[in-house]
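Results of the structural survey
Okay, here's what each chain looks like letter by letter:
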Amino acid sequence: MKNMRPDSVFALCLICISFAFPPGCTQDEAPSKQTPIAVDRSPSSPDPKFKVSKIVFIGKHEACACTRKRIDQSWAALEKALDKTKDIRIERLHADTEQTKVAAYQQQRAIMVIPAVFFLDSSGALVEVLQGEISTEQFSSVLR
């Protein structure tokens with residue numbers, strides 16, 4: 001860095017800062033009245049030999065308006081997809097208040113956006129993960 005030009009040093013500093021503080025939603029976070037859920041969008045389809053026996057929906061207890069809307073819409077889509085299914089357990093976690101529990105799922109697949117929904121088989125193995133705004137059709141395709 002001794003022979004670097006000042007503008008190069010400045011650019012390098014900006015790059016480092018952008019990694020340390022990634023851009024996010026600028027809206028204020030407000031406490032939720034509903035418990036949030038999460039889903040992760042993966043292009044892969046679940047292996048048909050595995051049956052989903054547990055769903056873990058990871059959301060946030062306190063979220064900005066845009067994240068809250070995404071969580072609520074995805075939760076409603078999940079409820080609609082599960083309308084006729086009674087034998088699947090559902091666990092709801094909050095990434096901001098239950099970090100230890102959420103960390104166990106993050107080790108299986110990184111959470112890129114809230115909500116994140118983990119689908120597990122009867123042995124606890126990961127079948128699929130959906131993230132972001134998830135539709136009823138996306139949930140249904142995993143639950144088939």
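Residues numbered from 1 in each chain as written. Predicted model: local features only at pLDDT ≥ 70, side-chain atom pairs only at ≥ 80, totals over all residues. Heavy atoms only, no water.

**Concerning the pairing of strand β2 (residues 54-59)**
The element β2 is largely enclosed, with a buried count of 6 among its 6 residues. Of the two faces of β2, the one holding K54, V56 and I58 and the one holding I55, F57 and G59 are both buried throughout. Pairing of β2 with strand β4 (residues 89-94) involves 6 bridges; the strand directions are parallel. Along β4, the bridge assignment pairs K54 with R89. (Buried < 20%, exposed > 50% of the residue type's maximum accessible area, 1.4 Å probe, protein only. Helix = DSSP H or I, 4+ residues; strand = E, 2+ residues; numbered from the N terminus. Pairing = 2+ DSSP bridges.)

**Digging into the confidence of the model for the protein chain**
Confidence in the prediction of the protein chain, expressed as mean pLDDT, is 78, and 65% of residues score 70 or more. Within the protein chain, strand β1 (residues 29-31) has the poorest average pLDDT of any element, 46, and strand β5 (residues 116-120) the best, 97. Scored below 50 in pLDDT, residues 16-23 makes 0 contacts in the model with residues more than four places away or belonging to other chains. Note on residues 28-48: pLDDT under 50 across the span, and 82 contacts to partners over four residues away in sequence or across chains. (pLDDT = per-residue confidence, 0-100. Contact = heavy atoms within 4.5 Å.)

**So, the pairing of β5**
Burial analysis of β5 places 5 of its 5 residues in the buried class, which makes it a mostly covered element. Across the two faces of β5 the burial is the same, with A116, F118 and L120 and V117 and F119 all buried. In this sheet, β5 lies alongside β2 in antiparallel orientation, the contact comprising 5 bridges. When the sheet's bridge partners are listed, I55 is paired in β5 with F119. Relative to strand β6 (residues 126-131), β5 runs antiparallel, the two sharing 5 bridges. Bridge pairing in β6 places L120 opposite L126. Counted between consecutive antiparallel strands, the loop separating β5 from β6 contains 5 residues, among which G124 sits at a positive phi close to 90°.

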